[in-house]
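# Survey of secondary and tertiary structure
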Amino acid sequence: MLSDTVKEDDKANRSDAILKRKFYQYLLPAMLTIAAFSLSEFVDSMIVANLLGSGAMAVVQLGSPVMLICAALYVLIGNGGSTLYSIYRGRRDDDSAGGMFGLSVLCSAAAGTVLAAAGLVFFKPIFSLLCTNEELKEEFGGYLFVLLFSIPFLVTIMSLVSFLAPGGAPGLATAVNIAANVVNIVMDAVYIGVFGMGVVGAAWATLTGYLVGGAVLIYAFASKKADIRVRRPRRADRRLLREMIKTGSPFSASQLGFALKFTLCNSLAQLYGAKPGIVALSLCMQSLSIVSVFLGAVVEASSPLVGMLYGENDRRGVKLLMRRAMLLQFALSGACVLFFELAPAVFAGMYGITDPAELMPAVRALRIFSLMYLIRGAYMVFMKYLQIIGKRVYSLVIGLADGFMLTVPISLLLCPLAGIDGLWWSFPLTSLTVTAVCIPLNLFIAKRSGGRFRGVFLEREPDGELVLDITTGYSDREITDASENVRKVCGERGAGERASMLAALLVEETALYLRGHGSANGCTDIMVRVREDSIVLDIRSIGELSDPNISNEADISENIAVLRGMAKSIENNYIMGMNSIRVELGRE
């Protein structure tokens, strides 16, 4: 007899072949999307610095809290909404998925407008808070005004872009961001170099870019290139709104914390380092943009897939995908740290920082600051996982700690003792502290969970109904072996002989059917759950849209046509480019 859960043996030889392939299909567009956004900041700063000098780059840095507050808002709506959208699609709850998208459209437009209006009404106190350096005040005023005016467009567009990946169109998200940021870069040169608008031109270039990106986004939705479920919000959707806020709040809190943190950091850099201090901080922030290309891509590529798998109750799939994401982020983060430690002057030179009075402090700052990347990526990936599995308070606390709860007091403590170096050291010390607390806490949670979780990353145990969890190739021999395995385990779990044979035959015929709709070297994930009154088969593959419920004599084998009438239900969902077929049979 099998135990209550699937063990790590021949009955659970599930691989991550399908999920790995899909993950990497999402990874490159996600990386290009974030790269377009970060490259725009990177090139934007380079253009500003090289055309107008390092002082203009410092002006851009002083405006970063405004952009981070915008990011907090569109992460709250876009990240929270799209994560839940993925989960609802995995649960086959298209009504809730459509309501979540409609709600996100409404909330992003309204919230962005309110935030911009508040910023313009309280312009003077915000200006005084962000800029205390007399040399920079004249240029900063115009730059800040344009940033505040841009908020509604930025929040709405970036919130809705988050839904393209779970809609099966990560490439369109890349197209929106590339269009927005290429236009931004081009208009930087036009507004600053041709029209002589100074640093204010950089802000207008950003707005122009996102207006173009918005046009591409409208085309993506209108042409139905993405598989997005849509319905109008209802009063009853207040439940969805609460869930969206709870789910999006951890990463939003991290962004908001960054806004508060860098407002303080700007002040400390000006206080303890004068203009070279703010230039050094600006360089460190540019390094964060570069690392975000890789780390953000891992998070954005894995999260819609993990959300879908969680919605389907595919716990082993979640574990396999999370392990791959975690290992990849360690490799990418380590490579970035190595570059910043070995070639900080090269990186600084890209921004026109060559004056020894500014270069030396900037190089020292970057070498200390970049140490945080060694471990920060791990708990950022883990935060997303916590959001998905419902541990939102825990995820929120990590976001707050990473945002400002630790960095602010550490920097305030160290700066009087170590000068501006205390500001740089506060970042790796924050990452080290978060990690040092999370590891023992996770082990404690796993120990007290009664077997629901295990390990440092709180991996979920397989559910008790799951008796078979395998991946099979498309050769006749592999399909036949999988079918026999299904018949055997169903019988061992007490299913009747007829039901066991029916389940085995259906798996065999469905695999052959899917083979005709995918690549010759493809494979199929098969999960079998034996319940008190039924057998449930979940069969997943990558390929073109196919539905065994559709009558087509040229496409449906005679066996599937017969089995279709014998099954309680055969349901197919095409989610993120994968056919997810669920079959329910009687147990006897």
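Above this text sits the structure in question.
Report follows, based on the coordinates.

Thresholds, definitions, all that
- Residues numbered from 1 in each chain as written.
- Predicted model: local features only at pLDDT ≥ 70, side-chain atom pairs only at ≥ 80, totals over all residues.
- Heavy atoms only, no water.
- Salt bridge = Lys/Arg side-chain N within 4 Å of Asp/Glu carboxyl O.
- Helix = DSSP H or I, 4+ residues; strand = E, 2+ residues; numbered from the N terminus.
- Buried < 20%, exposed > 50% of the residue type's maximum accessible area, 1.4 Å probe, protein only.
- Patch = residues over 30% accessible without salt bridge, like charges linked within 9 Å, V, L, I, M, F, W, Y side chains within 5 Å.
- Areas by Shrake-Rupley, 256 points an atom, 1.4 Å probe, with all protein chains shown as cover.
- Lys, Arg positive; Asp, Glu negative; His and termini not counted.
- Charge placed at Lys NZ, Arg CZ, Asp CG, Glu CD.
- Phe/Tyr/Trp six-rings, centres within 6.5 Å; stacked < 30°, edge-to-face > 60°.
- Pairing = 2+ DSSP bridges.
- Axes fitted to C-alpha atoms, helices over the stretch in contact; angles between N-to-C directions.
- Contact = heavy atoms within 4.5 Å.
- Core = buried A, V, L, I, M, F, W, Y, C linked by side-chain atoms within 4.5 Å.

## Observations regarding the pattern of salt bridges
In the structure shown here, the tally under the stated rule is 21 salt bridges. For D16, the salt bridge is made with R324, and the minimal N-O distance between the two is 2.8 Å. A residue pair is termed long-range when its members are at least 10 positions apart, and D16 in the segment before helix 1 (17–52) and R324 in helix 10 (residues 315–342) qualify at 308 residues. Since its relative accessible area comes to 25%, R324 is described here as partly exposed. Through salt bridges that share partners, R92, E312, D314, D525, R540 and E571 make up one connected network.

## Side note on a positive patch on the surface
On the surface, R235, R238, R239, R242 and K246 cluster together into a positively charged patch. Here K246 shows up in helix 9 (residues 238–311).

## Some thoughts on the packing of aromatic side chains
Counting across every chain of the model gives 17 aromatic pairs. Geometrically, the ring pair formed by F149 and F153 is tilted, given 6.3 Å between the ring centres and 55° between the ring planes. With F149 and F153 both in helix 6 (residues 137–161) and four residues apart, this pair spans about one turn of that helix. We classify F153 as partly exposed; its relative accessible area is 35%. Look at F382 and Y385: their rings are 6.2 Å apart centre to centre, the planes differ by 35°, and that puts the pair in the tilted class. Of this pair, F382 and Y385 both sit in helix 13 (residues 373–389), three residues apart, roughly one helical turn. Assessed through its relative accessible area of 4%, Y385 is described here as buried.

## Some thoughts on the sheet that holds strand 5 (residues 534–542)
Read across the open sheet, the five strands follow the order 3-4-5-7-6; overall the sheet is antiparallel. The open sheet has two free edges, formed respectively by strand 3 (466–473) and strand 6 (569–575), since each of these has just one partner strand. Averaged over all pairs of adjacent strands, the angle between their axes in this sheet comes to 15°, without regard to strand direction. One ladder, built from seven bridges, connects strand 6 with strand 7 (residues 578–586); its direction is antiparallel. Bridging from a neighbouring strand, Y574 pairs with N579 of strand 7. Contacting strand 4 (523–530), strand 5 and strand 7, helix 18 (residues 497–515) crosses the sheet at an angle of about 160° to strand 7.

## As for the nonpolar core
The nonpolar side chains of a soluble globular protein tend to be buried, and buried together. Among the nonpolar cores identified, the biggest contains 143 residues, and F23, F140, Y143, I398, L423, W424 and L458 are the most heavily contacted of them. At 28 residues, helix 9 tops the list of elements feeding residues into this core. Excluding its chain neighbours within four sequence positions, the residues that come into contact with F23 are V298, A301, S302, L305, L321, R324, A325 and L328. Residues L514, I535, I581 and V583 belong to the second largest nonpolar core, which totals 29 residues.

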